[in-house]
Structures are given as C-alpha cells and as structure tokens.
Amino acid sequence: MTMLDILWILTLTVCEPSGCVSQTIEEFREKDHCLIQQWEHEALPQDNPRWTSIAYACTVKGGLQAGLPEMGSTAKKIAA
C-alpha cells in the first residue's frame, strides 16, 4: 500500500436508549465495493428489536466522521 491508497471501512452502529456501539464489518480498497456491501447489509432483516436505530456507513479508515449515526441517511429507526 502506498501513501495515496485509501482504505474504506464498512461500520455497523446500533443504538438503544442507553447509548450506541459500533464495530467494523470489513475493509475495502474501492469505495464502490464498500457501498455495495453497505446496501446488501441494509437489506438484511432486523434480528433484535432492542435497537432504536441501526446504521451502516462506509467511511475512510482513520478519517473523521461528522455527527452521530442516527443523523446519517442510512440510519434505520426501529419502531417500538
């Protein structure tokens, strides 16, 4: 990897009333590959009703992310 290579990471963030947790799902060299996986993960059925929001995001590894996941366009609000 050279200094110009950018790694994209797909991150899952889930929130409940007491707070949010995030984890990296996978790393990609191409943004398009990350976005495809993001869309595929967003299409999966929800398996835990305790989350108030679920968000997948493709971001640059080591980059800054503005705002909380629930503010992004990919956050899903879960009906109680």
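Scoring rules and cut-offs
Residues numbered from 1 in each chain as written. Predicted model: local features only at pLDDT ≥ 70, side-chain atom pairs only at ≥ 80, totals over all residues. Heavy atoms only, no water. Core = buried A, V, L, I, M, F, W, Y, C linked by side-chain atoms within 4.5 Å. Buried < 20%, exposed > 50% of the residue type's maximum accessible area, 1.4 Å probe, protein only. Helix = DSSP H or I, 4+ residues; strand = E, 2+ residues; numbered from the N terminus. Contact = heavy atoms within 4.5 Å. Disulfide = S-S within 2.5 Å. Pairing = 2+ DSSP bridges.

## Comments concerning the nonpolar core
W8, L10, L12, V14, F28, C34, W51, I54, Y56 and C58 together form the largest nonpolar core, which totals 10 residues. Broken down by secondary-structure element, the contributors of at least two residues to this core are β1 (8-16) and β3 (53-60). Tallying contributions element by element places β1 first for this core, with four residues. Excluding residues within four positions of it along the chain, C34 makes contact with W8, I9, L10, F28 and C58.

## Some details on the environment of C34
Among the structural elements, C34 can be located in helix α1 (residues 31-42). With relative accessibility at 0%, the residue C34 sits in the buried group. Distance in space between the C-alpha atoms of C34 and A57 is 8.8 Å, their sequence separation being 23 residues.

## Re the state of the cysteines
Counted by the stated rule, this structure contains two disulfides. Here C15 connects covalently by a disulfide to C20, the sulfurs 1.9 Å from one another. Negative torsions about the S-S bond denote left-handed disulfides, and the value of about 105° found for C15 with C20 makes this one right-handed. The exposure class of C20 is partly exposed, given its relative accessible area of 39%. Put simply, C34 and C58 are joined by a disulfide, and their sulfur atoms are 2.2 Å apart. As the torsion about the S-S bond is roughly -105°, the C34-C58 disulfide counts as left-handed. Of this pair, C34 sits in helix α1 while C58 sits in strand β3, placing them 24 residues apart in sequence. With respect to burial, C34 and C58 carry one shared label: buried.

## Quick look at the pairing of strand β2 (residues 19-28)
Of the pairings in the sheet, the one linking β1 to β2 comprises nine bridges and is antiparallel in character. Across the sheet, the residue bridging to C15 is C20, located in β2. Counted along the chain from β1 to the antiparallel partner β2, the turn is two residues long.

## With respect to the pairing of β3
Taken across its eight residues, β3 has six buried, putting it largely inside the fold. Inspection of the sheet shows β1 paired to β3 by eight bridges, in the antiparallel sense. The partner of L10 across the bridge, within β3, is C58.

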